[in-house]
Each structure stands twice: as structure tokens, then as C-alpha cells.
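# Analysis of the macromolecular model
Now for the letters of each chain:
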Amino acid sequence: MVIRKTMILLLLLVIMPAVYAKEAQPLAADPALENKVYAITSELRCLVCQNQTIAESHADLAIDLKNQIRGMVKAGQTEDQIKKYMVHRYGDFVLYRPPLMKTTYLLWGGPFLLLVIGFTVLLFNLRRRRTLVADDAPLSAEEAQKLNTLLHKQDEKTEEGESKS
Amino acid sequence: MVRFLVPLIVFIVVAGFLYVGLGLNPREVPSPFINKPAPDFTLHQLDAPEKTFSNKDMLGKVWLLNVWASWCVACREENPLMVQFSRANIVPIYGLNYKDAPDDAKNWLQQLGNPFIANAEDNKGNVGINYGVYGVPETFIIDKQGVIRHKVIGPITPEILDTCVVPLVQKLQAATGGTVVTRNMVKGCV
Amino acid sequence: MIPEIGHFALIMALCVALVQGIVSIAGAQLGIRSWMSMSRPAAQVMFVFVAISFFCLMYAFINNDFSVRYVAETSNSLLPLHYRIAAMWGGHEGSLMLWIMILSVWTFAVALFSRHLPKEMVARVLGVMGLVAVGFILFMLFTSNPFERLLPAAADGRDLNPLLQDPGLVIHPPMLYTGYVGFSVAFAFAIAALLGGHLDATWARWSRPWTAVAWIFLTLGITLGSAWSYYELGWGGWWFWDPVENASFMPWLVGTALVHSLAVTEKRGSFKNWTVLLAIFTFSLSLLGTFLVRSGVLTSVHAFATDPKRGVFILIFLLIVIGGSLTLYAWRAPRVGLGGKFKLVSRETFLLANNVMLVVAAGAVLLGTLYPLILDALKMGKISVGPPYFDTVFLPIMVPMVFLMGVGPLARWKQSQLPDIATRLKWAAVISVIMALILPFIMGSWHALTSLGFAMAFWVFSSVVVGLRERISRTKGDGLLMRIASLPKAYLGMNLAHLGVGVFIIGVTIVKTYAVEKDVRMDVGDTVEMGGYTFRFDGVKEVKGPNYTAHRGQILVTRGGKTETVLFPEKRNYYVQTMPTTEASIDTGLFRDLYVSLGESVGKGAWAVRVYYKPFVVWIWGGCVIMALGGLLAISDRRYRLAARKERETAVSDVTPASKKGLAAEDK
């Protein structure tokens, strides 16, 4: 009887968590809002860290700014407005995506420019090569014969070698 | 023939930049407020919570706004110099107590010395954010029209005081009417 | 006493390296045989001295000798043994010691395996490596001496940064450095060739295996670093375009171009100048990386404690080594011939195009990494260049490159026809497009970039298959596997490496598009669903580690009722550095990672937990490992096997000149 009761009690104890357990609630009050905040803060630089985004950083200032930005997103501000807010206070340094301005034309255009230069130089060199490298003079009959025998011997040796290894 | 020299030339240019880079601080965030009006704020005073302090109170005067906190180690380093400087009465110094507990702040001032005429309490740090504060201590030099003319990042040293702060303050105080004084006019500030 | 021996050994190593450098090269230039003969023994003696120094430092770490300042700064008596050893290269001074040790090992290896090279070449190669060693040892002795004493000795050390207390520290730096330093061999060969004026196909052949091995190690080193940050940092990222990461990626990109270029120079005698320049360029980028990490010029999570004084020293060293080699290049290169001729459409051209793109990619990374510095130096403002820039800029360069990767191997040397190649690749293109359109729907949702990723990956896979099929059909033998096995290892290696790229692309594409993350508050018994799996929180208990205490959570993962695994994420508090670290718990699978990270306690036994479902994420590193295996397979080709060469060598010397010519003709 006692054993039965104990078993039932144990069973209940095991089931209870399952009964009271629920689908875990998202930590953030509003996950959709949080996603927006994350998207914005992951392109902003944490000013007191060694190269981290505000999204990842646990620094006090980063958390303060994250909260500030969350408030702004809730109030309906756009990503552009929020970025302007941050740049107004901390300068362009705070943006991990460098804005397109006079001083960054070379940055954004650079890789494309490099590509164009690279291929231009390549084509130029290929053309030069064509005119500079002498054409192979045709072989005489005797030389052609020699070539054939050598190649034949070579093929044999190669097959031999390959079947060995 | 010249094209073989291109890699060398490019390298030398890059090396030049690297050399200059050795003298720069990649983590320093320059203030975008230089030569712009100081953002407005009104906060309660640390020593007299019923009174408020605002940057607008200081229009017509050249003044220093020093951002500090009792938990800040470097502020401790700066304090003796600040106290000494305040006694010289060259320029009024006001404090922005940033993200601090009032009691801790008051104790700190009592223990170490108080260079401030008054302190504005910025517990939540919102005013700090508006001023682009990212590390304490930071000191703003503000002119008679309420325009920020320079920001010292980190503790003020005797050298910074002598070569930048004092000369700039004196120039700003001497300026009349329409004359614009910027920090570029003071060698030690640039 | 031991640290002093280590210090002394380092000084001796410097002297020997000086001799090795100066005497060998002078001997080669002046034709003095006795001087040239010094290079090998000098390399061996230098290796012994450096090894002594290295192991003296290790001894100090193992025995907790806190009278050595560097040990006191980086280690701690509570640190487990394997971390005490790895802590040796956890800081600036020790990492230089590792650098020098690995350089000595490479130098020793070159001295050992270069019997077949002409004396002048050996002397020059070892001489150059000796001079590089001189630079590094001087740097250590003057600015970064790991044997400096701390008097009075510290009672205990400051402990190793908890983030570094991980198996990753034991293996990632040695692998990475082996790669970085290994490119000094290709560099030395290039300088030797320029000095001697013998820039020909044989130079490329000698250089190739060394370069390939260095490339393999660098590939693995970077891969390990990426995987380490993935599981260590707690939020599932694997690449951040951090300046130090870029510093390792740039030599890899140019090194890959070098490996390809060497193949052409060896086979066709073409691109000699360009290959030499790439060899110089690759090692220069290694050195530049060394500079960037230690000079304080850039901010990085990986940077060592910075000191501009050290920066000046390295910069001067860079000027001498890189400036010197580029000057030598400008002087000697014009005299070098152009090599074999080839048409506009040919494998040579495709390889050159691949080179151009790899170098442009490296250039783009360099531009982005240095741009903030450039603007700041010119007083044009302060900006940051981060992942948004690199991600945007890198893809447009990668796409054409991957496209060419499918075309190049199918093109013939010297001359090829575009329409012919296009026909052969017709089905590859079709498969790529079909997969690109269908797979995203199968995986869950369709996005343009995802589609592009699949297109690229399947283009790689199908073009490799096309190439293999064509080649196999030309091979004699029974059974598919027999025929594949009989193909030259270099050819198989190439295909395997390219397959690796495809695998990598699949991993990146799928993880970036279909990963799921949930940040939840969990009470005991709470569950969260993701990717078909159910995660149940079973509470947190306190545990003790060798030098930390931790809160360890228990998460049961089930799928369709059946237990999949149990995960134990931890939040650790280390005694000495009191830095809380998050140790994620990951169940790795071929097709998905289940990744759980413990956040903060939110009271009453409930905790914040971050749960990730990351499909195909191991394919990212798997792809890189496959690339490295491809490289390994390629160098196992019998052409490089020493024994085979030795046989031929001795056979040649035994034989009369007439037959010698015949045998030599076979030597491809």
C-alpha cells in the first residue's frame, strides 16, 4: 500500500513539471520589435569596445544606447532617423556601414576600380605577349620524327609509372 | 620599365600611412559637436536638488563642463589638477555627474576635493548621450555664445591644461562681438 | 637560471642567423663555395638554439615561474597544464617566440629536403630565411623579450584571458603561424631566383610543394580560428571581418593566387614575373599582418597589448624586407623572359583571370581594413568600416571567380574554344539553375541571394563532375574507382579543393538564410520548439572547475518524442580575472547544429536562454578542410615524392650523357 502510494506520488512529481511546464516565453516583450532593434544595432559600433557591435556588446554604454534605440523604434522612428541620431552625437565612426560621401567614394568604388584596372592590365599584357613571344618555328621532317618517338616512349613510361604507383 | 616599380611605390605609400597611423589613436572618437551649439539640458543640482542647472544659465560666459563619476578611476587622477585649476579662477568649472549615485558622488567630492561650482546630476546618462559622451572623464570648453569649441577626451593633464585649455579659454574670453575663435587657433588643441 | 639560458640561446640564435643570412648570400653572389656550404649547418644550428630558447620558456610556464614577467602576466598556478603551455603564445612576446620557432622549423626542413637543389639556390634561400629570422629575433631582444625578469617575483600570475582558456588556443595559433611563416619559403625562393637571375620553370617546381604546404596550414589555421570563435563567443557568428582576421585572410587570398600561378609557371614557363611578385606579395601580407596586430594602429578584439614603439620597429623591418624585395624585383624582373605563348582563350588566361580576381579581393579587404586609418591620417574624418562593407563588396568579386572556377579546368592549355567549353558545360549550367530555383523552396523560403548561393555551389559541383567524367573516359582501366585512382594526384587534388569551395558555399548560404534563433525566458520544465526539435529546460546547478565556478544549465533536446541529446551551457566565473564567460553547448551534426547559450538568471529559478538552430553550419569548415585535403592530395603527387626524385637523380648520374638526355625529356 505504502509502495503504491509512493509510486503514485513519484509519478505525480514527474508529471507535474510537464503539466505546469509551458512553451517558454520570448525574453523580449515584443520579439518583432527586438528583431528590428537587433537589425539596427548590429550595424552600429560599440564606442567603448574593441571592435564590437552595439548588438553584441555587454558594455554599459552599449546597453544604454540599445535601450534608447528600442524606445525610438517603438516610437516609430525609422532606421535612417536613428542612424542620424547616433551620427549626430558620435560622428560617422559609429556606423559600421560607412556612409557614401565625398571621402568614401574611393572606398566604395575602390574594389570595382581595382577590378577594372586589373582586367585592363591583364588584357593589355596578353596583347603585348602575342606580339612579343616568337611563334614556334615549324619542325623539320627529321625533328617531327624524333618528337613522335620521344612522345611514344613517354606515353609508355607514364602508363608504366602510373600502374606501378 | 616603370610598371615594375609600381608595387614598390604602392608599398611605400602604404608604409607612409602606417607610419602616421602609429601616432594616431584608432579608438578615440572625435566629437561632432566642435563648433556647434552645446545641446540644451536642464538637470537638478547634486548639492541642491531643489535647484536646477542648465547650459543656458551660462550664456555670456566661457565655461568648462567636466563629465565625471565616482566610479571612474581616471577621474581620480584628474581631480587634484582640477581642484588646483579651479582655485586659479581662470574659468568656471561645472560638473556633469554621469550615471552616478548622488551619495557616492557627494562622498567622492568630500574625500578628494571639489573643483566644481555646481554639479548637474545625470543619473540616467541621457544628457551624456546627447553630448556624445562615451567615456569619462571628458571636458567640454564652451564659449560665450554656448558653442562647444573643444572637447578633452580623458583626464586633463598639466600639459593639456597649459598648451590647450588655458590659451583657448583666454582667447575665447577676450573675443568680442562677431569674432569667432576656434580651437585651430591654439596649437596645443589641434 | 633556465630563463637566462633561454635568453642566451636566443642571442646565439641571432648570431648564427646573421651568419646564415649574410655569409650564405654573399657566398652565392661571389661564388665562394665554402661560404655557401655554411648555409645548411647554420640553419641546423639556429634551429637547435631557437628550440632551446623555446623550450626554456615553456619550462618556465609549466613550472609556474612567476619571476619571469611574461609568465606572471599570462599564466596562473591554477591553470591546467595544457593551458599553461598554450598560454605561452597567448601574449605578444610568447607569440613571437612561437613565430621564430616555426620559422626555424621551416628553415630546418628546407635545409633537410633541398639536396637536389643547386648550391647557390640553397644558399640564397636559407640566407633569406636567416635574414628574416634576424629581424624577428632582434625585435624580440630589443622590444619584446619574453625572458625579462620580474623582481620581486609575483606570488601568482594574472591568469590567461578566460576566452583563451580553450583547446582552440592550443592548436589555432601554431597552425596559423605555420601557414604564415611557411610562405617565407616561397618568398625566399622568389628572392633567390631574382638574385641569381634564374627565373625558370624549375624554380617554380621547387617552390611549389613548399608553397602548397604553407597554404594548407594557413587554410586550416583560419578555419580553426573561425570554428573557435563560433563555439566560444556564444552567439553563433563565425567571421567578423575584424582587422586581425583580415590580416590572415589577405595572405590566404594571395597565397591561393600564388599556388595557381606556380602551377602555370611550372607547366608552361609563363607568368614568371607575376608569380615572383605574388610570392613576395603573400609573405609581405603575412608580415603586414604581424604589424597590424601588434602596433596599435588598428582596433581589434584579437590585438595584442599594443605599443607604438614596437610598431616602429616592425615598420622599419617591413620597409627593409618588403621594400628591399620589391626594389630587387623592379631591378631584375624586366630581364626575365615571357615564357610560353598562349591564346586569349586558354587555360592560362583563365588562371590569370582567377589571379586578378583573388588579388583584387585581397586588395578590397586591404582597402577596407586600412581606409579608416588613411582618412584619419589625412585628417579627413573618422569612420568605421565593418562587416556591412566587406559583405557587400566581397560577393560581387566572388561570384565571377566561382564561375571561372568551373570553366578554367576544362579549358586546354595554350588554346581553347569558348563555344566548345560552353557546350561541355551546358548541363552543369542547367543543373545549377534548376537547383538554384528549387532548393530554396524545399528548404523553406525563397530569397534571391540564397538562390545565387545554390547556383554557385552547384555550378562548382557539376563542373567538377563534367571535368572528371571527360578525363575518366580518356583513361584506360576497369572499374570507375580504379580509373579515378589512376588519375594524377595533382588533378584529383585540384578537383577536391574546388569541391571544398562548393561545400563551403552551401554551408554559408544555408546557415545565413535558414538559421533560427530564439531568445527566451525559461522556467524549469519550459520548452521551446525549433527546426523540428524540442528544447526543454531542466534547471541550473552550480559546478566547480579547476580555476572557475560555473552555473551549468541542462537542456534536454528531443525530436518526435525521442531524445536527441542533452546540452550543458555554462556561465563561468573565473577566480583570477573575474570575467564572466559564456560557454555555449553545441550538438554538432552533419546537417545541423543545435546551439544553446545561457544568459542571465531572471529570478525564481528562471533563466534567459538563447537557442539556435543552425542548419549545415559545419559545411562551412568542412568545406575548408576539404580544400586543405585537396591541397594535401595534390602535393602527394609522385612528382614531388623525394624518393622518386632521388631514384631518378642517382639513375641520371650513373648513366651516359646520351641516355641522360632521353631520361631528362621525360621529366615533366
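Quick caveat: nothing in here was measured; it's all calculated off a predicted structure.

What counts as what
- Residues numbered from 1 in each chain as written.
- Chains lettered and ligands numbered in written order.
- Predicted model: local features only at pLDDT ≥ 70, side-chain atom pairs only at ≥ 80, totals over all residues.
- Helix = DSSP H or I, 4+ residues; strand = E, 2+ residues; numbered from the N terminus.
- Buried ≥ 20, exposed ≤ 12 C-beta atoms within 10 Å, placed from the backbone.
- Contact = placed C-beta atoms within 7 Å.
- Domains from an automatic or database assignment.
- Nonpolar A, V, L, I, M, F, W, Y, C, P; charged D, E, K, R; others polar.
- Pairing = 2+ DSSP bridges.
- Axes fitted to C-alpha atoms, helices over the stretch in contact; angles between N-to-C directions.
- Left-handed = near helix turned anticlockwise from the far one by under 90°.
- Expected span 1.5 Å × (residues − 1).
- Arc of directions from axis to C-beta.

## Looking at the overall build of chain B
Along its length, chain B carries five helices and eight strands. In sequence order, chain B lays out its α and β elements as α-β-β-β-β-α-β-α-β-α-β-β-α. Each principal axis of the C-alpha atoms in chain B carries an extent, and together these give about 80 × 40 × 30 Å. For chain B, the proportion of its 190 residues judged to be buried stands at 40%. Pairs at least 24 apart in sequence give 71% of the contacts found in chain B among residues at least 6 apart.

## Considerations on the overall build of chain A
Broken down by element type, chain A carries six helices and one strand. Helices and strands appear in chain A in the N-to-C order α-β-α-α-α-α-α.

## Observations concerning the domain arrangement of chain A
You can read the domains of chain A as domain 1 (31-99) and domain 2 (100-134). Placing a centre on the C-alpha atoms of domain 1 of chain A and another on those of domain 2 of chain A gives a separation of 37 Å.

## Topic: the interface of chain C and chain B
Taken together, the contacts link 26 residues of chain C with 18 residues of chain B. Every element with two or more residues in the side of chain C that touches chain B is listed here: α11 (272-295), α12 (308-332) and α13 (347-377) of chain C. When the residues that make up the side of chain C that touches chain B are grouped by side-chain class, the tally is 19 nonpolar, five polar and two charged.

## Digging into the sheet that holds strand β1 (residues 516-522) of chain C
Across the sheet, which stays open at both edges, the five strands sit in the order β1(A)-β1(C)-β10(C)-β9(C)-β8(C) with antiparallel pairing between neighbours. Every other strand in the sheet has two partners, leaving β1 (25-26) of chain A together with β8 (585-588) of chain C as the edge strands with one partner each.

## Things to note about the packing of helix α3 (residues 39-62) of chain C against helix α7 (residues 119-143) of chain C
Residue and element names in this part refer to chain C. Taken N-terminus to C-terminus, the directions of α3 and α7 make an angle of 30°; their axes are 9 Å apart at the nearest point. At the point where α3 passes α7, the crossing takes the left-handed sense. Across from Ser39, Arg40, Ala42, Ala43 and Met46 in α3, the residues of α7 making contact are Val122, Ala123, Leu126, Gly127, Gly130 and Ala133. Looking at side-chain class alone, the contact of α3 with α7 contains seven nonpolar, three polar and one charged residues.

## Examining the sheet that holds strand β8 (residues 147-153) of chain B
All names here are of chain B. Judged by pairing direction, the sheet is mixed, and its six strands sit side by side in the order β1-β8-β7-β4-β5-β6 without closing on themselves. Either end of the sheet is taken by a strand with one partner, and the two such strands are β1 (36-37) and β6 (118-122). Two elements, strand β4 (residues 63-68) and strand β5 (residues 93-98), share five bridges in a ladder whose sense is parallel. Looking at the pairing, Asn66 lines up with Gly95 of β5.

## A word on the pairing of β8 of chain B
Residues and elements named next belong to chain B. With respect to burial, β8 is a largely interior element, five of its seven residues being buried. Pairing analysis gives two bridges linking β1 to β8, with the strands arranged antiparallel. When the bridges of β8 are listed, Lys36 appears paired with Ile148.

## Notes on the interface of chain C and chain A
At the junction of the two partners, chain C supplies 47 residues and chain A supplies 43 residues. Where the side of chain C that touches chain A is concerned, the elements lending two or more residues are α13, α14 (387-407), β1, β2 (527-530) and α22 (657-666) of chain C. Here the element with the most residues in the side of chain C that touches chain A is α13 of chain C; it accounts for eleven residues. Among the residues making up the side of chain C that touches chain A, the classes are represented as 28 nonpolar, ten polar and nine charged. Where β1 of chain A lies against β1 of chain C, two bridges are found, and the strand directions are antiparallel. Along β1 of chain C, the bridge assignment pairs Pro26 of chain A with Val520 of chain C.

## Here's the deal with helix α3 (residues 60-74) of chain A
With 15 residues, α3 of chain A extends 21 Å from end C-alpha to end C-alpha; this agrees with the ideal 21 Å at 1.5 Å per step. Residues Leu61, Ala62, Leu65, Ile69 and Val73 of chain A constitute the buried set of α3 of chain A. Buried positions in α3 of chain A, seen along its axis, are confined to an arc of 105° and lie on one side of it. Exposed residues lying more than 90 degrees from the buried face of α3 of chain A are Asp60, Asn67 and Gly71 of chain A. Taken together, the buried residues of α3 of chain A touch α2 (31-41) and α4 (79-90) of chain A together with α4 (126-130) of chain B. The positive-phi residue at the C-terminal boundary of α3 of chain A is Gly76 of chain A, with phi of around 95°.

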